[in-house]
Amino acid sequence: MLPKKIQSALISVFHKKGLSPIIRRLNELGVTLYSTGGTEKYIKEQGVDVVPVEDITDYPSIFGGRVKTLHPKVFGGILHRRGNTSDREEASKYKISPIDLVIVDLYPFEATAASGTSDEDIIEKIDIGGVALIRGAAKNFNDVVIVSSRDYYDDLQEILYNKEGTTTLEERKRFAAKAFAISSHYDSTIFNWMNKDREVGAFRVNTAPARVLRYGENPHQKGYFYGDFSEYFDQIHGKEISYNNLVDIEAAVQLIAEFKGETAFGILKHNNACGVATGENVKDAYQRAFAADTVSAFGGVLVTNEEMDRTSAEEMNNRFFEILIAPSFSEAALELLQQKKSRILLIQKKTWHQTSQYKSLLNGTIVQDYDLSTESASDLKIKTKKQPTADEVSDLLFAAKVCKQSKSNTIVLAKDGQMLASGVGQTSRVDALNQAIEKAGRFGFNLNGAVMASDAFFPFPDCVEIAHKAGITAVIHPGGSVKDRDSIDYCDENGLAMVMTGVRHFKH
């Protein structure tokens, strides 16, 4: 199909920023402009002639602005096929002028819904005419250019200035695809707001914009990220973030979110913590976390919930790690850390919090609430004759937080606010425990007086027996096995304290 020159344009936008140079250029090219309401007034303020839509429709804007452009003469001008003889004859018969360019955006429903205002105000931000104009113009991309967001103004300006307003079919189709992305996102946002209680059995996801990743989980797989990474992070240094980086980053911020009100540091590999500790300051917490596994920390993802200072940066700078996440960095720390060109430094702008998660499975999608349950001392049910000490309670809660954010089956051993070792992703809880005990010994930890956390119950007393023989003095787990009594009895007979939470924390 031959290139088409824009000769007429309908402009009706909520956001006026960035519109002025487009209006002036359209005027220079002799394009007839049609508009409504506030946009019409804005165009006139630019000193440019504009035809009110009411002059085409013979109807004013009615019902408080709810109906402005919904008229056959507007939609006929957009939708009639220029290459179809019958369409051209009908357009002539009914005096419908062609519209070659539609610039329209949508009422800010998403922002209004997030503001916490009344339902009445939110509903008034459900755009009707704008969505219809977008879909109509996008459907007829053979003849019409649709610019559905101010994000695409630069693309339009390139056409107006460099090509005198002439577009190819490929360009119009690309604008149309972007337009349908806008309208589908908008409709899904409205649906999800109305379906907060999930009474309607349909699943809609709103994720934009798209980022093409270097590759997926492996180099032979393609990878993409759909979402606004900048909502949570500012990347201030380093190479492009990969698919695996993103997965590890989420695991890191989920872990550090568990430690509110205390200075904490985590080191992760393959979504699991290989070191976690609290400390008097960031340097102290880092040193204690690193000590848990000085081998796995190589190439790891580091995260803290306090500002990264120069002293802490000096402690870790000569060690290889992929990513460091912190709420802020001192200038002196940055000066040092940025010496490694590829090292990714991220400022976490807000604490991680999401309410639901989903993933593709078989030929569909599974959805669940995020596990946002974190146990406190008041949630612990003491099941043994021996009461845990105050220090043991503190360590049990610490270990349970790490356990919750590790892949099942998992066992975490801890003492004095430091993870000593963990066994993760095992098919047997006994294997997970033996892995943790062996690892603690390999890195020089004495387990006497340490505590053990498990993400699920103990079906047999074997785990508490193995832990006791290794030096463990207190145990935390959800309970719920028909054989809980067996483990409790072993603890009572051997002087261990056991608490149950009633909350399982599987993570797969």
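Preceding this section is the structure that the text describes.
These notes cover the structure that comes with them. (Residues numbered from 1 in each chain as written. Predicted model: local features only at pLDDT ≥ 70, side-chain atom pairs only at ≥ 80, totals over all residues. Heavy atoms only, no water.)

## As for the overall build of the protein
Okay, so step 1: What the protein contains, in helices and strands, is 18 helices and 23 strands.
Okay, so step 2: In terms of C-alpha radius of gyration, the protein reaches 30 Å, well past the compact-globule figure of 23 Å for 508 residues.
Okay, so step 3: Dimensions of the protein along its principal axes, counting C-alpha atoms only, are 95 × 50 × 40 Å.
Okay, so step 4: Burial analysis of the protein (508 residues in total) assigns 48% to the buried set.
Okay, so step 5: Surface accessibility of the protein: about 25000 Å² in total, with carbon and sulfur atoms responsible for 49%.
Okay, so step 6: For the protein, the distance from the average position of its 60 positive side-chain charges to the average position of its 67 negative side-chain charges is 5 Å. (Helix = DSSP H or I, 4+ residues; strand = E, 2+ residues; numbered from the N terminus. Rg over C-alpha atoms; globule rule 2.2 N^0.38 Å. Buried < 20%, exposed > 50% of the residue type's maximum accessible area, 1.4 Å probe, protein only. Areas by Shrake-Rupley, 256 points an atom, 1.4 Å probe, with all protein chains shown as cover. Lys, Arg positive; Asp, Glu negative; His and termini not counted. Charge placed at Lys NZ, Arg CZ, Asp CG, Glu CD.)

## Describing the environment of Asp 100
Okay, so step 1: Note that Asp 100 resides in the loop between α5 (85-93) and β5 (101-104).
Okay, so step 2: We classify Asp 100 as buried; its relative accessible area is 12%.
Okay, so step 3: Leaving out residues up to four positions away in the same chain, Asp 100 has contacts with Lys 5, Ile 6, Gln 7, Ser 8, Arg 82, Asp 143, Val 144 and Val 145.
Okay, so step 4: Separated by 3.4 Å, the side chains of Asp 100 and Arg 82 make a polar contact. (Contact = heavy atoms within 4.5 Å. Polar contact = N/O pair within 3.5 Å; in protein donor to acceptor, adjacent residues only side chain to side chain.)

## Some thoughts on the pattern of salt bridges
Okay, so step 1: Within the structure shown, the criterion is met by 21 salt bridges.
Okay, so step 2: Residue Asp 293 is joined to Lys 439 by a salt bridge in which the shortest nitrogen-to-oxygen separation is 2.6 Å. With Asp 293 in the loop between α12 (282-291) and β13 (300-304) and Lys 439 in helix α16 (residues 429-442), the pair connects residues that are 146 residues apart, well separated along the chain.
Okay, so step 3: Accessibility expressed as a relative area gives 15% for Lys 439, which makes it buried. (Salt bridge = Lys/Arg side-chain N within 4 Å of Asp/Glu carboxyl O.)

## Details of the nonpolar core
Okay, so step 1: Core analysis: the biggest nonpolar cluster contains 51 residues, and Leu 26, Leu 33, Ile 103 and Ile 146 have the highest contact counts within it.
Okay, so step 2: The leading source of residues in this core is helix α10 (residues 169-194), at six residues.
Okay, so step 3: Dropping the residues within four chain positions of it, Leu 33 is found in contact with Ala 9, Ile 11, Ile 23, Leu 26, Ile 43, Val 48, Asp 49, Val 50 and Val 51. (Core = buried A, V, L, I, M, F, W, Y, C linked by side-chain atoms within 4.5 Å.)

## Structural notes on helix α11 (residues 243-256)
For an α-helix, 3.6 residues make a turn, and residues three or four places apart therefore share a direction.
Okay, so step 1: With 14 residues, α11 should reach 20 Å at 1.5 Å per residue; the first-to-last C-alpha distance of 20 Å fits that figure.
Okay, so step 2: Extensive coverage of α11 is indicated by the burial of ten of its 14 residues.
Okay, so step 3: Every buried residue of α11 is accounted for by Asn 245, Leu 246, Asp 248, Ile 249, Ala 251, Ala 252, Val 253, Gln 254, Leu 255 and Ile 256. (Expected span 1.5 Å × (residues − 1).)

## Regarding the pairing of strand β23 (residues 497-500)
Okay, so step 1: A two-sided burial pattern is seen for β23, the buried positions comprising Ala 497 and Val 499 on one face and Met 498 and Met 500 on the other.
Okay, so step 2: Across two bridges, strand β18 (residues 381-382) lies against β23 in antiparallel orientation. Within the sheet, the bridge partner assigned to Lys 381 lies in β23 and is Met 500.
Okay, so step 3: Traced from strand β22 (residues 474-477) through helix α18 (residues 484-494) to β23, the parallel crossover comes out right-handed. (Pairing = 2+ DSSP bridges. Right-handed = clockwise from strand over helix to strand, strands pointing away.)

## Here's the deal with the packing of helix α8 (residues 129-139) against α10
Okay, so step 1: At a minimum axis separation of 9 Å, α8 and α10 run at an interaxial angle of 150°. When the axis of α8 is compared with that of α10, the two are roughly antiparallel. The way α8 lies across α10 gives a crossing that is left-handed. For the pair formed by α8 and α10, the contact residues are Val 131, Ile 134, Arg 135, Ala 138 and Lys 139 on the first element and Ala 176, Ala 179, Phe 180, Ile 182, Ser 183 and Tyr 186 on the second. (Axes fitted to C-alpha atoms, helices over the stretch in contact; angles between N-to-C directions. Parallel < 35°, antiparallel > 145°, perpendicular 65-115°, else oblique. Left-handed = near helix turned anticlockwise from the far one by under 90°.)

## Quick look at the packing of helix α9 (residues 153-162) against α10
A pair of packed helices is characterised by two quantities: the angle between their axes and the separation of those axes.
Okay, so step 1: Two numbers describe how α9 lies on α10: the axes approach to 12 Å, and their chain directions differ by 160°. Between α9 and α10, the crossing angle belongs to the class labelled roughly antiparallel. For α9 against α10, the interelement crossing comes out left-handed. Here Asp 155, Leu 156 and Ile 159 of α9 come into contact with α10, specifically with Glu 171, Phe 175 and Lys 178.
Okay, so step 2: Within the contact of α9 with α10, the residues separate by chemical class into three nonpolar, no polar and three charged. (Nonpolar A, V, L, I, M, F, W, Y, C, P; charged D, E, K, R; others polar.)

## Some remarks on the pairing of strand β12 (residues 272-278)
Okay, so step 1: By the criterion of burial, β12 is predominantly enclosed, with seven of the seven residues buried.
Okay, so step 2: The pairing of strand β11 (residues 264-269) with β12 spans six bridges and is classified as antiparallel. The partner of Leu 268 across the bridge, within β12, is Ala 273.
Okay, so step 3: The turn joining β11 and β12, which pair antiparallel and follow one another in sequence, is formed by two residues; a positive phi near 50° is taken by His 270.

## Some thoughts on a nonpolar patch on the surface
Okay, so step 1: Where nonpolar side chains cluster on the molecular surface, the patch consists of Phe 203, Val 205, Tyr 358 and Val 367 and spans about 310 Å² of accessible area.
Okay, so step 2: With respect to the helices and strands, the residue Phe 203 is situated in the loop between α10 and β8 (210-212).
Okay, so step 3: According to the relative accessible area criterion, Phe 203 is partly exposed, its value standing at 34%. (Patch = residues over 30% accessible without salt bridge, like charges linked within 9 Å, V, L, I, M, F, W, Y side chains within 5 Å.)

## A closer look at the packing of aromatic side chains
Okay, so step 1: All chains considered together, the criterion is met by 13 aromatic pairs.
Okay, so step 2: Taking the centre distance of 6.3 Å and the plane angle of 45° together, the rings of Tyr 232 and Phe 233 count as tilted. When sorted by exposure, Tyr 232 lands in the same class as Phe 233, which is buried.
Okay, so step 3: Each member of the aromatic cluster is reached from another via a ring pair, and the members are Phe 225, Phe 229, Tyr 232 and Phe 233.
Okay, so step 4: Residue placement shows Arg 25 over the ring face of Tyr 161; its charged tip is 4.9 Å from the ring centre.
Okay, so step 5: Across the ring face of Phe 229, the terminal group of Arg 211 is positioned such that the distance to the ring centre comes to 5.1 Å. (Phe/Tyr/Trp six-rings, centres within 6.5 Å; stacked < 30°, edge-to-face > 60°. Lys NZ or Arg CZ within 6 Å of the ring centre and 35° of its normal.)

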